[in-house]
Every structure is written in structure tokens, then in C-alpha cells.
Amino acid sequence: MIRYPFLDLAKVTASYACELKEACNRVIDSGRYVGGEEVETFETMLASSCGAAYAVGVANGLDALRLILRGYVELGEMKPGDEVIVPSNTYIATVLAVTDMGLTPVFVEPSLVTMNIDDTLIEAAVTPRTRAILTVHLYGQPAYSRLMRDIAARHGLKVIEDNAQAIGASVDGMSTGHLGDAAAFSFYPTKNIGAIGDAGAVTTDDSRLADAVRALANYGSSRRYHNIYQGYNSRLDTIQAAMLKVRLARLEEETEGRRAIAAVYGGNIVNDRVILPAEVTGRHVWHQYVVRVADRDRFRAYMLDHGVGTDVNYPLSPHRQPCYKEYSGLSLPIADKLAAEVVSLPVNPACTSPDDALAISEIVNNYRND
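Just so it is clear, the model here is predicted, and its values are computed rather than measured.

Brief notes about the sheet that holds strand 9 (residues 200–204)
Taken together, 7 strands build an open sheet; the order of strands is 1-9-8-5-4-2-3 and the sheet is mixed. Looking at strand neighbours, the two that pair on one side only are strand 1 (54–58) and strand 3 (104–108), the edges of this open sheet. Taken over all neighbouring pairs, the strand axes of this sheet differ in orientation by 20 degrees on average, direction set aside. Where strand 4 (residues 130–136) meets strand 5 (residues 158–162), 5 bridges bridge the pair, whose relative direction is parallel. Along strand 5, the bridge assignment pairs Val136 with Asp162. Across the sheet, helix 4 (residues 61–74) is in contact with strand 1, strand 4, strand 5, strand 8 (182–186) and strand 9; its angle to strand 8 comes to roughly 160 degrees.

Structure representation (C-alpha cells):
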């Protein structure tokens, strides 16, 4: 019997059920099912929430990344064969977006403390072919620094944020989604702000890029029946925009709930076999609460036996995936170490209360591997 489930999306959705049903009915009654006021209003809300000049709703988070890179290609900022620096510890979507545009990913190892890209290693990876740093705010922790900004400025590089997991996070008072030149958001249902299906968005202060992304997402069309690019169909559904307006309006409530649970774990888990995550680079929004355990499988089995659901984000780094055999020979020991040790504890406030987190902490503290 699972007393403390890792995540229950039906329970998450129940918290917003009445508002979501009203939003759905509003769209049905409107007769406008692609584009329109719901999408435009959501884009305005999203841009305002992170301080960006423009937001463009798209179909999903991977497309958001792909469209940013394709936009830069169309604008002449990049071309196939150019290099994009990426963290070696990330979800595969980050790398898929790069290779899909004919660009070359250059992997940089993470910090064991933050699990995000180690900014002190970035400059050594820059070559004359480098065009961008694609930084990933993994697990909700910002991956951005003055050093990264200065390296980008010194070498004329774009900074692109993979902000799929960190909406509401910030560095020195500046929100993720508005730290670099452009940012990609995912609103997959498990995210801090999730749709009832798939959805994504791009934010930027660059009007040319915003226009290119919007056209590319709509068959490459800048106006009806006038296609300036060989584009895609990657529009944000109107009904998902309406749902996301409901969720986005309660972003701070969601974030503070996660931060409260993380604070309980951080203040109560004391077990030298379990390495806790650290909040060191800005405001962490705890999309995942990821600990490290050397004997992960045994730990997860123990937690399950004691009624606690866990997950692994992620058990295999991109360079170890079968689809990227050409990178399998790279020596990326820190990414490999993290992939072998990370375990995510329950942190969604709709499913886990601070009291639950305290009980889970006690279970973790009683874990022994001998």
C-alpha cells in the first residue's frame, strides 16, 4: 500500500477542477478552438510573469526548443554544423532539439552540488563554431550566472534557457524565462504548471525571433496563405491555453507549496547515505526534490516497502541513449554518476503535505544499506 504516492495527477487536477471546467466550457461555447483571445491572454500573462517582452504559445516543450533554434537558423544567427553547448546531465529533449536542427551538441559536465551545468567548464568548450549556450534549469534550480553571461558576451553567444522545469524560479530577482536571449517552457501535465495534455511556449525580448517562432509554428505563415518558411503545425491549443490561465494565476501558491515541502526535507533528513540537494544559485522551485543514493535500487525498494513512491529523473544521460551512439565514447563521469544515483522524493503540494514530508523524512533517516 502506497501511503505517500510520488504523484497523482487526478489529485493535482482536482485542486483546480471547478475553474478548469469553467474554462473548458468557455472555450466550447466560444466556437474558437485554435488561436484567439484565450491564447493571446495566456501569452500576455506568461510574458508578464517572467518579465519578457514576448511569449508565443506552442504545442509542447520540445517544439519550443526546436522553434527557437530553427528561428535562429532562419534569421542567419546559426547554420547546420554550428555548435551548441549543452549540459551532459539533462533530459534528452534538450539534445534532440539541437540535433534536429543539424546543429552539434557539445556536452559540458554538471556540478555535483547543483546537478546543473558547471559554469566554470563552459569557456573551455567554446570553439570558433560555437553559437549558443543552452542552459537547463534542471529540477527547478536556476542554471545561470554572471560568469555564464560574461562568457556569452565575450564570445558573442546566445544564451537559450530550457525552462521546462523551472517556471517561477529566479536569480538575483530576475525570473527564469528572461535571463537569456530566449527560453523554452513545457506545460506537460507533470510540470509545476501543467496543461490537461501537452503544451509549451517560447519567451524572448527579440521581436524578430518571436515573429519567426510564431510563423514557424503556424506552417511557416506570417499571414493567411502566405508562407515565408517551410514551417510546422505546433500551435498551442485554445483549450489548453484556457486551462493554463487557471494554473498560471496560482503559480506562486504552487511554488510556495513545493518550497515548504523541500524545506521540511532539508531540515529533517539526516542520513549519511543520502545526499540532499542544495539551493545555491537562486530561487529553487523544486520541480523535483532529487537526492543521491549510491545503492539506489535498494533504497527505492526500501522506500516502497515503507509506502513511499519515488522516481528516477533520469537513469540514462543523453550520450548513453541508443539514438546517440556517436557520443557513447565520451568521458562524462559526473553525468554518469548522477544518472546512477539520483532519486526523486514526492514534492507536489497537492499530493504531499509538510506533515507527509516529515513522515517521509523519518523513513529516509531509518534507511540502512548494511
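Some details on helix 12 (residues 333–341)
Here helix 12 has its buried residues at Ala335, Leu338, Ala339 and Glu341. Elements that come into contact with the buried residues of helix 12 comprise strand 12 (289–292), helix 11 (296–305) and strand 13 (342–345).

Comments concerning the packing of aromatic side chains
If you walk through the whole model with that rule in mind, you get 9 aromatic pairs. With 5.9 Å between their ring centres and 50 degrees between their planes, Tyr324 and Tyr327 make a pair best called tilted. The buried category is assigned to Tyr327, whose relative accessible area is 14%. Over the ring of Tyr232 we find Arg66; its NZ or CZ atom is 5.0 Å from the centre of that ring.

What to know about the state of the cysteines
One pass over the structure, following the stated rule, counts 0 disulfides. Cys18 takes part in no disulfide bond, and the closest cysteine sulfur, belonging to Cys24, lies 13 Å away. Considering cysteine sulfurs only, Cys18 is the nearest to Cys351, which forms no disulfide, with 18 Å between them. For Cys351, a relative accessible area of 7% translates into the label buried.

Section: the pattern of salt bridges
Under the defined criterion, the tally for this structure stands at 22 salt bridges. For Glu123, the salt bridge identified is with Arg154, shortest N-O distance 2.9 Å. With Glu123 in helix 6 (residues 122–125) and Arg154 in helix 7 (residues 146–155), this pair connects stretches of sequence that are 31 residues apart. For Arg273, the salt bridge goes to Asp272, with nearest N and O atoms at 3.2 Å. Each of the salt bridges in this network shares a partner with another, and the network as a whole consists of Glu19, Arg250 and Glu253.

So, the nonpolar core
Within the largest apolar cluster, 46 residues are counted, with the highest numbers of intra-cluster contacts made by Ile68, Leu69, Leu134 and Ile160. When contributions to this core are tallied by element, the ones reaching two or more residues are strand 1, helix 4, strand 2 (83–87), helix 5 (92–100), strand 4, strand 8, helix 8 (207–217) and helix 12. The dominant element in this core, judged by the number of residues it contributes, is helix 8, at 7 residues. Excluding its chain neighbours within four sequence positions, the residues that come into contact with Leu134 are Leu65, Val84, Ile85, Val86, Pro87, Thr94, Val98, Ile160 and Asp162. Counting residues in each nonpolar core, the second largest holds 23 residues, with Val264, Val308, Leu345 and Val364 among its members.

Comments concerning the side chain of Ser344
If you trace the backbone, Ser344 turns up in strand 13. For Ser344, the side chain forms a polar contact with the side chain of Asn313, separated by 2.7 Å.

Focus on the side chain of Thr114
Note on placement: Thr114 falls in the loop between strand 3 and helix 6. Not counting residues within four places of it along the chain, the set of residues in contact with Thr114 comprises Gln141, Val280 and Thr281.

With respect to the pairing of strand 1
The element strand 1 is largely enclosed, with a buried count of 4 among its 5 residues. Pairing of strand 1 with strand 9, which is carried by 5 bridges, proceeds in the antiparallel orientation. In the strand pairing of strand 9, Gly57 is matched with Ala201.

Considerations on helix 4
Across its 14 residues, helix 4 extends 20 Å between first and last C-alpha, which sits within 8% of the 20 Å expected from 1.5 Å per residue. Counting buried residues along helix 4, 11 of its 14 residues qualify, which places the element largely inside the surrounding structure. Taking the backbone nitrogen of Leu62 as reference, a side-chain oxygen 3.2 Å away marks Asn60 as the first, capping residue of helix 4. Positive backbone phi, at 80 degrees, marks Gly76, one or two positions downstream of helix 4.

Cut-offs used in this document
- Residues numbered from 1 in each chain as written.
- Predicted model: local features only at pLDDT ≥ 70, side-chain atom pairs only at ≥ 80, totals over all residues.
- Heavy atoms only, no water.
- Pairing = 2+ DSSP bridges.
- Helix = DSSP H or I, 4+ residues; strand = E, 2+ residues; numbered from the N terminus.
- Axes fitted to C-alpha atoms, helices over the stretch in contact; angles between N-to-C directions.
- Contact = heavy atoms within 4.5 Å.
- Buried < 20%, exposed > 50% of the residue type's maximum accessible area, 1.4 Å probe, protein only.
- Phe/Tyr/Trp six-rings, centres within 6.5 Å; stacked < 30°, edge-to-face > 60°.
- Lys NZ or Arg CZ within 6 Å of the ring centre and 35° of its normal.
- Disulfide = S-S within 2.5 Å.
- Salt bridge = Lys/Arg side-chain N within 4 Å of Asp/Glu carboxyl O.
- Core = buried A, V, L, I, M, F, W, Y, C linked by side-chain atoms within 4.5 Å.
- Polar contact = N/O pair within 3.5 Å; in protein donor to acceptor, adjacent residues only side chain to side chain.
- Expected span 1.5 Å × (residues − 1).

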